[in-house]
Amino acid sequence: MIIMLDTADVQEIKKFTKMYPIDGVTTNPSLVAKQKRNFIELIKEIRETIGDRKMLHVQALGKTAEEIVEEAQYLNTKIGGTLYIKIPVVEEGIKAIMILKEKGIKTTATAVFTPLQALMAAKAGAEYIAPYVNRLDNISADGIKVVSEIVQIFNVHGVDAKVLAASFKNVEQIHKACLAGAHSITAGPDIMNQLLYHPLTNWSVEQFVKAWEDLYGKGKRTDNI
Ligand code: G3P
């Protein structure tokens, strides 16, 4: 199971990559715009922060396949490392994914809302396919059902692409995406923090510390009693 952090905030990336077993970072134009910084400088800093081995997903903005391909080649040269160019599953995007596959540049199909968009993008050659769970839930559709059907279609037909479930607003959506068989998820820092939270865990730790310190004294640990 691959777990990625969905943010373009370098400070958050620094903090979370030290704290949690994160496999990479996903960004999108809205997340980048929030940083109000020079784009290339920002993405380069993210790359330096996570190193070359962790995945970095960066979205292209071109409207035609040719523009997207040019951007992808530019980003691949400028940023390097394990880079995935995120491309929305519009017609020109699918065309660009096919061209980039031929050129050996890795892509992530994004803004996926239906299983057939996912299938077309996978057939075009995208390595990752990103269905947006919460955006579907917000229009009274069923984001997890879409994830589950994409996984099912990929399994039945032996499709290689990985499902990167994205757009989460709560822990339960992530829980269900994992159960549905998504190969990977990406979550923002706020939700990532919530993944570990349970009041009984905190309560249990307090009980252990109390019992220990009542006997051995405040601040005592196993290595200094
Ligand atoms: O990576 C895609 C994701 O960032 C979209 O999430 O929360 O804007 O729906 P959201």
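Calculation rules
- Residues numbered from 1 in each chain as written.
- Predicted model: local features only at pLDDT ≥ 70, side-chain atom pairs only at ≥ 80, totals over all residues.
- Heavy atoms only, no water.
- Helix = DSSP H or I, 4+ residues; strand = E, 2+ residues; numbered from the N terminus.
- Areas by Shrake-Rupley, 256 points an atom, 1.4 Å probe, with all protein chains shown as cover.
- Lys, Arg positive; Asp, Glu negative; His and termini not counted.
- Charge placed at Lys NZ, Arg CZ, Asp CG, Glu CD.
- Patch = residues over 30% accessible without salt bridge, like charges linked within 9 Å, V, L, I, M, F, W, Y side chains within 5 Å.
- Salt bridge = Lys/Arg side-chain N within 4 Å of Asp/Glu carboxyl O.
- Axes fitted to C-alpha atoms, helices over the stretch in contact; angles between N-to-C directions.
- Parallel < 35°, antiparallel > 145°, perpendicular 65-115°, else oblique.
- Left-handed = near helix turned anticlockwise from the far one by under 90°.
- Contact = heavy atoms within 4.5 Å.
- Phe/Tyr/Trp six-rings, centres within 6.5 Å; stacked < 30°, edge-to-face > 60°.
- Buried < 20%, exposed > 50% of the residue type's maximum accessible area, 1.4 Å probe, protein only.
- Lys NZ or Arg CZ within 6 Å of the ring centre and 35° of its normal.
- Pairing = 2+ DSSP bridges.
- Near = heavy atom within 4 Å.
- Polar contact = N/O pair within 3.5 Å; in protein donor to acceptor, adjacent residues only side chain to side chain.
- 1 Å grid on protein atoms, 1.4 Å probe; cavity = no way out; pocket = protein on both sides within 12 Å on 5 of 7 lines; lining within 4 Å.
- Sits in = over half its atoms within 2 Å of the grid points.
- Nonpolar A, V, L, I, M, F, W, Y, C, P; charged D, E, K, R; others polar.
- Expected span 1.5 Å × (residues − 1).
- Arc of directions from axis to C-beta.
- Points joined across faces, edges and corners; volume = space filled by probe spheres on them.

Draft legend 1. View of the overall build of the chain. Of the regular secondary structure elements, the chain holds eleven helices and eight strands. In terms of overall dimensions, the chain has a C-alpha envelope of 70 × 40 × 30 Å along the principal axes. Accessible surface computed for the chain: about 12300 Å², of which carbon and sulfur atoms make up 54%. For the chain, the centre of its 27 positive side-chain charges and the centre of its 26 negative side-chain charges are spaced 4 Å apart.

Draft legend 2. Molecular detail of a nonpolar patch on the surface. A contiguous nonpolar patch, built from Leu215, Tyr216 and Ile225 and spanning about 340 Å² of accessible area, is present on the exposed surface. Within the secondary structure layout, Leu215 lies in helix α11 (residues 199-216).

Draft legend 3. Molecular detail of the packing of helix α4 (residues 65-78) against helix α5 (residues 91-103). Packing of α4 against α5 brings their axes to within 8 Å, and their N-to-C directions diverge by 45°. Considering their axes alone, α4 and α5 lie oblique with respect to each other. Seen along the crossing, α4 lies across α5 with a hand that is right-handed. From α4, Ala65, Glu66, Ile68, Val69, Ala72 and Gln73 reach across to α5, where they touch Glu92, Gly93, Lys95, Ala96, Ile99, Leu100 and Lys103.

Draft legend 4. Layout of the packing of aromatic side chains. Per the stated rule, a full pass over the model turns up four aromatic pairs. Consider the rings of Phe16 and Tyr20, whose centres lie 5.6 Å apart with planes at 50°: the pair is tilted. On the basis of relative accessible area, Tyr20 is assigned to the buried category, the value being 15%. Here Phe113 and Tyr132 contribute two aromatic rings whose centre-to-centre distance is 5.5 Å and whose plane-to-plane angle is 75°, an arrangement assigned as edge-to-face. Here Phe113, found in the loop between β5 (107-112) and α6 (115-124), pairs with Tyr132, found in the loop between β6 (128-131) and α7 (133-137); they are 19 residues apart in sequence, far enough to count as distant. Its relative accessible area of 28% is what places Phe113 among the partly exposed residues. Over the ring of Tyr84 we find Lys106; its NZ or CZ atom is 5.6 Å from the centre of that ring.

Draft legend 5. Fine view of the sheet that holds strand β7 (residues 162-165). If you trace the eight strands once around the closed barrel, you get β1-β2-β3-β4-β5-β6-β7-β8, paired in parallel fashion. Sheet twist, expressed as the average angle between the axes of neighbouring strands with direction ignored, equals 25°. Where β7 lies against strand β8 (residues 184-187), two bridges are found, and the strand directions are parallel. By the bridge assignment, Leu164 is partnered in β8 with Ser184.

Draft legend 6. Representation of the site of the ligand. In the neighbourhood of the ligand, the contacting residues comprise Asp6, Asn28, Lys86, Tyr132, Arg135, Ala166, Ser167 and Lys169. Here Lys86 contributes a side-chain N or O atom positioned 3.2 Å from an oxygen atom of the ligand. Considered on its own, the ligand offers 310 Å² of accessible surface; in the complex 84% of this is hidden by protein. If you map the ligand onto the pockets, it falls in the largest pocket. Looking at side-chain class alone, the shell around the ligand contains two nonpolar, two polar and four charged residues.

Draft legend 7. Representation of helix α3 (residues 39-50) in the model. Helix length check: α3, at twelve residues, gives a terminal C-alpha distance of 17 Å against a target of 16 Å (1.5 Å per residue), a fit within 8%. If you check which residues of α3 are buried, you get Ile40, Leu42, Ile43, Ile46, Arg47 and Ile50. Within α3, the buried residues cover an arc of 165° as seen down the axis, which keeps them to one side. α3 presents Glu41 and Glu48 as exposed residues on the side facing more than 90 degrees away from its buried surface. The residue sitting at the N-terminus of α3 and contributing the capping side-chain oxygen is Asn38; that oxygen lies 3.1 Å from the backbone nitrogen of Ile40. Positive phi shows up at Gly51, right after α3, with a value of about 80°.

Draft legend 8. Region of the structure containing the environment of Lys63. With respect to the secondary-structure elements, Lys63 resides in the loop between β3 (55-59) and α4. Looking at Lys63, the relative accessible area reads 69%, which means it is exposed. Residues Lys63 and Glu92, spaced 29 residues apart in sequence, show a C-alpha to C-alpha distance of 7.1 Å.

Draft legend 9. View of the layout of surface pockets. Reported here for the largest pocket is a volume of approximately 520 Å³. As for the largest pocket, its lining consists of 26 residues, of which Asp6, Asn28, Leu31, Lys169 and Gly188 are closest to the centre. Those elements giving two or more residues to the lining of the largest pocket turn out to be α2 (29-35), β8 and α10 (189-194). Per-element tally for the lining of the largest pocket: the top contributor is α2, with four residues. Residue composition of the lining of the largest pocket, by class: ten nonpolar, nine polar and seven charged.

Taken by themselves, the reported measurements are silent on function.
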